[in-house]
Amino acid sequence: MPHLRSLPHDAVLLDVFKRYPDTALPLLEYHQALMRGDSPLTVAQRELIAALVSSLNGCGYCHGVHAATARVFGVADGVLEALVHDVDTAPVNDRLRPLLRFVRKLTMTPARVTPADANEVFAAGWTEHALHDTVSVCALFNFMNRFVDGLGITADREYFRLASSRLSEHGYVGLVRKVKES
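Residues numbered from 1 in each chain as written. Predicted model: local features only at pLDDT ≥ 70, side-chain atom pairs only at ≥ 80, totals over all residues. Heavy atoms only, no water.

> Would you explain the state of the cysteines in this entry?
Note: disulfide means a covalent bond formed between the sulfur atoms of two cysteine side chains. All told, the structure shown has zero disulfides when counted by the stated rule. In this model Cys 138 remains outside any disulfide bridge; the closest cysteine sulfur is found in Cys 62, 13 Å from its own. Cys 138 sits in the buried class, given a relative accessible area of 1%. (Disulfide = S-S within 2.5 Å. Buried < 20%, exposed > 50% of the residue type's maximum accessible area, 1.4 Å probe, protein only.)

> Mind showing me how you'd approach helix H3 (residues 43-56) here?
Working note: α-helix, 3.6 residues per turn, so residues spaced by three or four point in the same direction. Across its 14 residues, H3 extends 20 Å between first and last C-alpha, which sits within 8% of the 20 Å expected from 1.5 Å per residue. Along H3, 13 of the 14 residues are buried, which leaves the element largely enclosed by surrounding structure. Positive backbone phi, approximately 70°, marks Gly 58, located one or two places after H3. (Helix = DSSP H or I, 4+ residues; strand = E, 2+ residues; numbered from the N terminus. Expected span 1.5 Å × (residues − 1).)

> Whenever I open this one, the environment of Thr 23 confuses me. Can you help?
Structurally, Thr 23 can be placed in helix H2 (residues 21-36). Of the residues examined, Thr 23 reaches a relative accessible area of 58% and is grouped as exposed. Residues Thr 23 and Ser 164 lie 141 residues apart in sequence; the distance between their C-alpha atoms is 23 Å.

> When you look at the side chain of Asp 117 in this model, what are you seeing that I'm missing?
Following the sequence through the fold, Asp 117 ends up in helix H7 (residues 115-123). By relative accessible area, which is 14% here, Asp 117 ends up buried. Among the polar contacts made by the side chain of Asp 117, one reaches the main-chain amide nitrogen of Thr 114 at a distance of 2.7 Å. (Polar contact = N/O pair within 3.5 Å; in protein donor to acceptor, adjacent residues only side chain to side chain.)

> Explanation requested: the packing of aromatic side chains in the structure shown.
One pair of aromatic rings is described through two measures. These are the centre distance and the angle between the planes. This model, assessed by the stated rule, comprises three aromatic pairs. Geometrically, the ring pair formed by Tyr 61 and Phe 160 is edge-to-face, given 6.5 Å between the ring centres and 85° between the ring planes. Here Tyr 61, found in helix H4 (residues 60-72), pairs with Phe 160, found in helix H9 (residues 157-170); they are 99 residues apart in sequence, far enough to count as distant. Considered together, Tyr 61 and Phe 160 belong to a single accessibility category, that of buried residues. The positively charged end of Arg 95 is found above the aromatic ring belonging to Trp 126, 3.9 Å away from the centroid. (Phe/Tyr/Trp six-rings, centres within 6.5 Å; stacked < 30°, edge-to-face > 60°. Lys NZ or Arg CZ within 6 Å of the ring centre and 35° of its normal.)

Without other data, these values stay purely geometric and don't point to any function.
Next comes the structure, spelled out in structure tokens:
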């Protein structure tokens, strides 16, 4: 049940966005630019990072939505769970591991991120743009996890399927349209 009494008992994040469009619209536009805009990271990789951060933070809502969306974009079943357990043994491309180790460290122990962590990313062949986008997705979903959990927003598997379908077909601009329609 959401902590905002003006919302229905089964409110989802879209209900929050519709209730507070002045702050929701710029946030959704940022989501669109970061998660679907030009990037050295694929959409699947960005969704995987969103799901990994959300899983590490124990945010069931964001984990459910973005794990399902990552699967739609081609991330195999079991990859996310393996990454949560151990990035080094998870079934992912070796080049991706330094980015995911960076994400894990930035989420779990942000004050311990060092230049050596960034240098590992660069040594794997990633650009500054890739590191920027990785950090940005990580930061955004650390924010979103706290936003969603702080407002008491939850959902079930059926909603995760619906949200992942909407995000894969329309991106975040679809949510912008829905907020503007309300």
